[in-house]
Amino acid sequence: MYDGGVLAVKHVDLEIKDREFMVLVGPSGCGKSTTLRMIAGLEEISSGTITIGSRIVNNVPPKDRDIAMVFQNYALYPHMTVYDNLAFGLKLRKLPKADIDKRVNEAAEILGIHDYLQRRPKALSGGQRQRVAVGRAIVRKPEVFLFDEPLSTLDAKMRVQMRTEISKLHTRLETTMIYVTHDQIEAMTMGDRICVMKDGVIQQVDTPLHIYDNPANIFVAGFIGTPPMNFFQGHLEKVGEDLFFKTLTISIRLPKEWHARAEAYLGKEVVFGIRPEEIGSERAEAEENPQRMKAKVEVMEPMGAETYLYLDTGDKTNCIARIDAHRKVVIGEEVNLAVSLATAHIFDPKTELLIV
């Protein structure tokens, strides 16, 4: 809790496995960096227990927690060479000079910065500085690595490269890593598991693919995935033996296996969620007797191998479809796109929790 009674993190209960790469992800202000800083000992906790390995570290100072933290802004000493930046913490711990030299050279070799050891930070690119910051953590050989949005200041190409480098590093070092980011692409591509947070509360913890396919609530469904999931407000209606989700302009027949859980919401408002790749995709079109959605194309975004269509469904609801880039569509055209329910979802609009 911060001054003024601001509760940044609420009842976090999270167990991270040994040697796991855990990513804390969520929008700005969700409490992920505060959680990381509490693990590091840089923020005091109001209640509860923090355990690293078998040790309770609530009252252990940061320097004695056997953790190493990599910050967003590198936090390098500008007047020191790369070598001295890497060696500084080891010198404070009074390690023998031979050990320091061995650890620094090992880290430099792993990160490909051996040629820069005699340069100062100002002579390095952003990506090279971030490697030095990671190297300073590696030389300490900690029990846990903590990363606080380390790639947010890099350009898009360098972020992709550094994502790969950090993932390789985790495989090579076999050490527990906790990584904070607001970028869900980083979370999906790097984490063994991801922890999605909102307003200081954990929303869901699971593997990236399981969260993508089985989001626990509307927030997780909309936050994980690019472009985000489409949501439609409507109601459930039974026609004969069939169950339909309906809006003014959309009618989707639900799979039989959904009926048992969905029938409790007959006649009630629900939220229907479907990902852009399930609208107009080759997979949807290839399904036997696919259901279809009529809409008007308002904007097209060519992305290379695929195109994003921004659609008006005619009932004051817009949605996005991801289609093959070679499919001929023009702005203003009325399209009739196949819809796959392979990963569609229905949510309760009041609780925002998943129904089916």
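Scroll up to find the structure.
Predicted, not measured: the structure shown is a model, and the values here were computed from it. (Residues numbered from 1 in each chain as written. Predicted model: local features only at pLDDT ≥ 70, side-chain atom pairs only at ≥ 80, totals over all residues. Heavy atoms only, no water.)

(A) Layout of the side chain of His345. Inspection of the secondary structure puts His345 in strand S17 (residues 345-347). Its relative accessible area of 3% is what places His345 among the buried residues. In terms of polar contacts, His345 uses its side chain to reach the backbone carbonyl oxygen of Asp213, at 2.9 Å. One polar contact links the side chain of His345 to the main-chain carbonyl oxygen of Thr343, over a distance of 2.8 Å. Discounting residues that sit within four places of it in the chain, His345 has contacts with Asp213, Asn214, Pro215, Met229, Trp258, Val271, Phe272, Gly273, Leu354 and Val356. (Helix = DSSP H or I, 4+ residues; strand = E, 2+ residues; numbered from the N terminus. Buried < 20%, exposed > 50% of the residue type's maximum accessible area, 1.4 Å probe, protein only. Polar contact = N/O pair within 3.5 Å; in protein donor to acceptor, adjacent residues only side chain to side chain. Contact = heavy atoms within 4.5 Å.)

(B) The arrangement of the pairing of strand S15 (residues 318-324) in detail. As paired strands, strand S14 (residues 306-312) and S15 are joined by 7 bridges and run antiparallel to one another. Pairing of Glu306 across the sheet is with Asp324, part of S15. Where S14 hands over to S15, the hairpin turn is made up of 5 residues, of which Gly314 adopts a positive phi near 90°. (Pairing = 2+ DSSP bridges.)

(C) Layout of the pattern of salt bridges. Applying the stated criterion across every chain yields a total of 14 salt bridges. The partner of Asp242 in a salt bridge is Lys256, with the nearest N and O atoms 3.3 Å apart. On the criterion of sequence distance, the pair formed by Asp242 in strand S10 (residues 242-246) and Lys256 in the loop between strand S11 (251-253) and helix H9 (259-262) is long-range, its members being 14 residues apart. The exposure class assigned to Asp242 is partly exposed, which follows from its relative accessible area of 26%. Glu278 is the partner of Arg283 in a salt bridge, and the nearest nitrogen-oxygen pair spans 2.3 Å. Judged by relative accessible area, which is 2%, Glu278 ranks as buried. Among the charged side chains, a network of salt bridges with common partners joins Asp18, Arg19 and Glu174. (Salt bridge = Lys/Arg side-chain N within 4 Å of Asp/Glu carboxyl O.)

(D) Here's a closer look at the sheet that holds strand S16 (residues 334-339). Judged by pairing direction, the sheet is antiparallel, and its 4 strands sit side by side in the order S15-S14-S13-S16 without closing on themselves. Looking at which strands have only one partner, the edges of the open sheet turn out to be S15 and S16. For this sheet the average axis-to-axis angle between neighbouring strands, irrespective of direction, equals 50°. One ladder, built from 6 bridges, connects strand S13 (residues 291-302) with S14; its direction is antiparallel. Each bridged residue has a counterpart across the sheet, and for Val299 the counterpart in S14 is Tyr310. (Axes fitted to C-alpha atoms, helices over the stretch in contact; angles between N-to-C directions.)

(E) How the structure looks around the packing of aromatic side chains. With the rule as written, the count across this model stands at 7 aromatic pairs. Measuring from centroid to centroid gives 5.7 Å for Phe147 and Tyr179, while their planes differ by 35°, and the two rings are tilted. Taken together, the residues span a long stretch of sequence, with Phe147 in strand S5 (residues 144-148) and Tyr179 in strand S6 (residues 176-181) at a distance of 32 residues. A relative accessible area of 0% places Tyr179 in the buried class. Linked through ring pairs, Phe21, Phe145, Phe147 and Tyr179 together constitute an aromatic cluster. (Phe/Tyr/Trp six-rings, centres within 6.5 Å; stacked < 30°, edge-to-face > 60°.)

(F) Seen up close, the side chain of Glu20. Within the secondary structure, Glu20 is located in the segment before strand S1 (21-25). For Glu20, the side chain forms a polar contact with the side chain of Arg193, separated by 2.5 Å. With residues near it in sequence (within four places) discarded, Glu20 still touches His170, Thr175, Thr176, Met177, Asp192 and Arg193.

In short, geometric facts, not functional conclusions.
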